Amino acid sequence: MIKLDAGWTFDNRYARLPERFFSRVSPTPVRAPKLAVFNRSLAEELGLNEEALRSEAGVAVLAGNRIPDGAEPLAQAYAGHQFGYFTMLGDGRAVLLGEHVTPSGKRVDIQLKGSGRTPYSRGGDGRAALGPMLREYIVSEAMHALGIPTTRSLAVVTTGETIRRETELPGAVLTRVASSHLRVGTFQYAAQWGTKEELRALADYALERHFPGGEETENRYLFLLEQVIARQAALIAKWQLVGFVHGVMNTDNMTISGETIDYGPCAFMDTYDLKTVFSSIDTEGRYAYGNQPYIGGWNLARLVESLLPLLNEDEKKAVALAQEALDQYPTLYHRYWLDGMRAKLGLAEAQEGDGGLIADLLGLMEEYRADYTNTFRALTLGEYTGMALFDASEFREWHERWQTRLSQESVSREEAYERMRRHNPAVIPRNHRVEEALAAAVDDGDYSVMERFLKALADPYAYSPEQAEYAELPPPSDRPYRTFCGT
Ligand code: AMP
Ligand code: MG
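Residues numbered from 1 in each chain as written. Chains lettered and ligands numbered in written order. Predicted model: local features only at pLDDT ≥ 70, side-chain atom pairs only at ≥ 80, totals over all residues. Heavy atoms only, no water.

Moving on, we get to the overall build of the protein. When helices and strands are tallied, the protein shows 16 helices and 12 strands. Here the C-alpha radius of gyration of the protein, 23 Å, is about what a compact globule of 487 residues would show, namely 23 Å. Each principal axis of the C-alpha distribution contributes one length, and for the protein these read about 65 × 60 × 45 Å. When each of the 487 residues of the protein is scored for burial, the buried share is 57%. Charged side chains of the protein number 52 positive and 68 negative; the gap between the two group centres comes to 3 Å. (Helix = DSSP H or I, 4+ residues; strand = E, 2+ residues; numbered from the N terminus. Rg over C-alpha atoms; globule rule 2.2 N^0.38 Å. Buried < 20%, exposed > 50% of the residue type's maximum accessible area, 1.4 Å probe, protein only. Lys, Arg positive; Asp, Glu negative; His and termini not counted. Charge placed at Lys NZ, Arg CZ, Asp CG, Glu CD.)

Here the focus is the coordination of the magnesium ion (ligand 2). The magnesium ion (ligand 2) binds to the protein through N253 (OD1) and D262 (OD), with metal-donor distances spanning 1.8 to 2.2 Å. One exposure class covers both N253 and D262, and it is buried. (Donors = N, O, S within 2.8 Å, 3.2 Å for Na, K, Ca; no water.)

Turning our eyes to something else, we now look at the site of ligand 1. Near ligand 1 lie 18 residues; those nearest to it are G90, G92, D125, G126 and D262. Note that a nitrogen atom of ligand 1 is positioned 3.4 Å from one of the side-chain N or O atoms of R165. In isolation ligand 1 has 480 Å² of accessible area, and contact with the protein removes 85% of it. Of the residues that constitute the shell around ligand 1, the class distribution is two nonpolar, eight polar and eight charged. Counting contributing residues per domain, the shell around ligand 1 is built from domain 1 (14–178) and domain 2 (184–338), each supplying no fewer than three. (Near = heavy atom within 4 Å. Polar contact = N/O pair within 3.5 Å; in protein donor to acceptor, adjacent residues only side chain to side chain. Areas by Shrake-Rupley, 256 points an atom, 1.4 Å probe, with all protein chains shown as cover. Nonpolar A, V, L, I, M, F, W, Y, C, P; charged D, E, K, R; others polar. Domains from an automatic or database assignment.)

Where helix α15 (residues 431–444) contacts helix α16 (residues 448–457), the two axes come as close as 7 Å, and the packing angle between them is 145°. In contact with R433, V434, E436, A437 and A440 of α15, α16 contributes V449, M450 and F453. Here the contact of α15 with α16 is built from residues that sort into six nonpolar, no polar and two charged. (Axes fitted to C-alpha atoms, helices over the stretch in contact; angles between N-to-C directions. Contact = heavy atoms within 4.5 Å.)

Counting residues in hydrophobic clusters, the biggest one holds 101 residues, and the most contacted among them are F187, L224, I256 and L345. Top element by residues in this core is helix α7 (residues 220–242). It accounts for 15 residues. Per-domain counts for this core show at least three residues from each of domain 1 (14–178) and domain 2 (184–338). The residues touching F187, leaving out its near neighbours within four places in the chain, are L199, L202, A203, A206, L224, I256, L303, S306 and L307. (Core = buried A, V, L, I, M, F, W, Y, C linked by side-chain atoms within 4.5 Å.)

Before going further, it helps to spend a moment on the side chain of N219. As for its position among the elements, N219 is in the loop between α6 (196–210) and α7. There is a polar contact of 2.9 Å between the side chain of N219 and the backbone oxygen of L311. Filtering out sequence-adjacent residues up to four positions away, N219 remains in contact with L310, L311 and L321.

It is the contact of helix α10 (residues 354–367) with helix α13 (residues 393–407), at a shortest axis distance of 11 Å, that shows an interaxial angle of 155°. Overall, the two elements α10 and α13 adopt an arrangement that is roughly antiparallel. Seen from above, α10 lies across α13 with left-handed handedness. For the pair α10 and α13, contact is made by D354, G356, L357, D360, L361, L364 and E367 and by E394, F395, W398, R401, W402 and R405, respectively. Per-class residue counts for the contact of α10 with α13 are six nonpolar, one polar and six charged. (Parallel < 35°, antiparallel > 145°, perpendicular 65-115°, else oblique. Left-handed = near helix turned anticlockwise from the far one by under 90°.)

Segmentation of the protein into domains returns domain 1 (14–178) and domain 2 (184–338). With centres defined by C-alpha atoms, the gap from domain 1 to domain 2 works out at 23 Å. Of the residues lining the interface, 34 residues belong to domain 1; the matching set on domain 2 comes to 39 residues. In total, about 3,100 Å² of surface goes out of reach between domain 1 and domain 2, with carbon and sulfur atoms giving 63% of it. Three residues stand out in domain 1 for area buried against domain 2, namely R20, H81 and F83, and they jointly supply 23% of the buried area on that side. Taken together, the connections running from domain 1 to domain 2 amount to five salt bridges. Taking the shortest distance from any N to any O, the salt bridge between R176 and D262 comes out at 2.9 Å. (Buried area = accessible area lost by both parts, 1.4 Å probe. Salt bridge = Lys/Arg side-chain N within 4 Å of Asp/Glu carboxyl O.)

Under the defined criterion, the tally for this structure stands at 35 salt bridges. Between D11 and R107 there is a salt bridge, with its nearest N and O atoms 2.6 Å apart. With a gap of 96 residues between them, D11 in the segment before β1 (22–24) and R107 in strand β7 (residues 107–113) connect regions that are remote in the sequence. One salt-bridge network, held together by shared partners, links D11, R13, E99, R107, D109, E208 and R209.

This part takes up α10. Since the α-helix advances by 3.6 residues per turn, residues separated by three or four positions end up pointing in the same direction. With 14 residues, α10 should reach 20 Å at 1.5 Å per residue; the first-to-last C-alpha distance of 20 Å fits that figure. Turning to α10, its buried residues number three or more, namely D354, L357, I358, L361, L362, L364 and M365. Seen end-on, α10 carries its buried residues on one side only, within an arc spanning 160°. Next to the buried residues of α10 lie α9 (315–344), α11 (372–381), α12 (388–391) and α13. Following α10 by one or two positions, R369 has its phi on the positive side, about 50°. (Expected span 1.5 Å × (residues − 1). Arc of directions from axis to C-beta.)

Looking now at the environment of P68. As for its position among the elements, P68 is in the loop between α3 (56–63) and β3 (74–76). On a C-alpha basis, the gap between P68 and W8 in space is 7.4 Å, while along the polypeptide they are 60 residues apart. For P68, the residues in contact, after removing those within four places along its chain, are W8, F10, V61 and L97.

With that settled, consider unusual backbone geometry. Trans peptide bonds make up the majority, and among non-glycine residues the majority have a negative phi. Residue F83 is not a glycine yet carries a positive backbone phi of 50°. Inspection of the secondary structure assignment puts F83 in the loop between β4 (79–82) and β5 (85–88). Overall, F83 belongs to the partly exposed group, its relative accessible area being 25%. The phi dihedral of Y463 is positive, around 55°, even though this residue is not glycine. One can find Y463 in the segment after α16.

Before going further, it helps to examine the side chain of N39. Mapped onto the secondary structure, N39 falls in the loop between β2 (34–38) and α1 (40–46). Those residues within four positions of N39 in sequence are excluded, and the remaining contacts are Y137, E141, R152, S153 and L154.

This is how it looks when you write it as structure tokens:
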């Protein structure tokens, strides 16, 4: 029999960094690996062979039972502020197999999450439960389809083992694909425990990986900082525009690449409310929907502090440069958000009064407890049913103002609505549908609910007839939706 080649092409540059940044450790084999979900289109994009990955040898790799040629498994070291408190962390239940280079020359991290204990596991078992890994798969793929930078999910494998949480749960390993796993916390770690040379090596690696050409700028580390700040401003604006609540924006969960990472207690907001929190442990609302832009700035300030020694030999000058870069964040964020909101209302041009028009709509949505996604979906379709908001006279007045504003655009009304369709998703991964898909898969081994859901989520701007059911709201419940870190 001919053994199929999966197509792994590893070139592991992170593993060439100083030893301080990682520990070499292999995944712990699992008893009975079985492929639960596989991402065909991502595999194709990565130049990987589906048949080979689905074979016994291929699944063994995705489970951590076999190390493919060229991989150099390691756990990354990092630190982070968790709910405001600084601590040493590191990959406690994940292993980086290596950096895979795709046929088009793109470099991605291939990481197994839930792959067993590492030197950074502290008290944890290094494992992950099936439910949360499927959840990460669904939400990260939905985010990607929405056009939001994110890590992606190649596969979920069940382990044939159970793990102990509050109850016994089926174990799983997720193959996560990221343009890198460098975090704000990786730089905090280097600044706290590394030498200046080690910090510089990390920064050079980040520049080479994410911002090529940066070496030629006058101050490459300032350039790095400015780029990360711009990417995070853009990312968090996109979260706000679709109503995504990350849930645990600790500095170890904020990437340098500008991708969304770590889908733990995340969820999409139904009713528009700035105070929306889903995480059961976020009792203070630190990571509430309306607080995310502010927390983004807070986290970036931690990155700035970590990079100070590289910005200038003179500490005063370094601080001045850093402050100037950081001051850009709120301006950039607001510009991205405002442009995004304009697009949601079909506006391509900027006018003085647009901010007020948007704020007034959001104010009405809040007052009438309108569903965030469905409000914009209704504006896009011109179908105003099923929400108290649409019966309010203030809304009709607002609608008239908006129509007047639209008529001042130089493009046609059709083009404006086209624009809206591209910016207002018809479907998002609503919590009750995510839970439904997970329950079928985890409790009954039925993946068809999830597969159907994933199909609808794969093209959220299609406005296809099959997507209509996913716009339906959950039945009213007196208990707010809660997510758990699910580790
Ligand atoms: P997270 O909340 O997933 O961002 O994880 C925060 C930190 O806890 C990271 O260092 C993880 O590697 C670690 N961690 C989470 N769950 C486990 C686990 N079951 N075993 C070991 N470490 C874990
Ligand atoms: Mg994390």
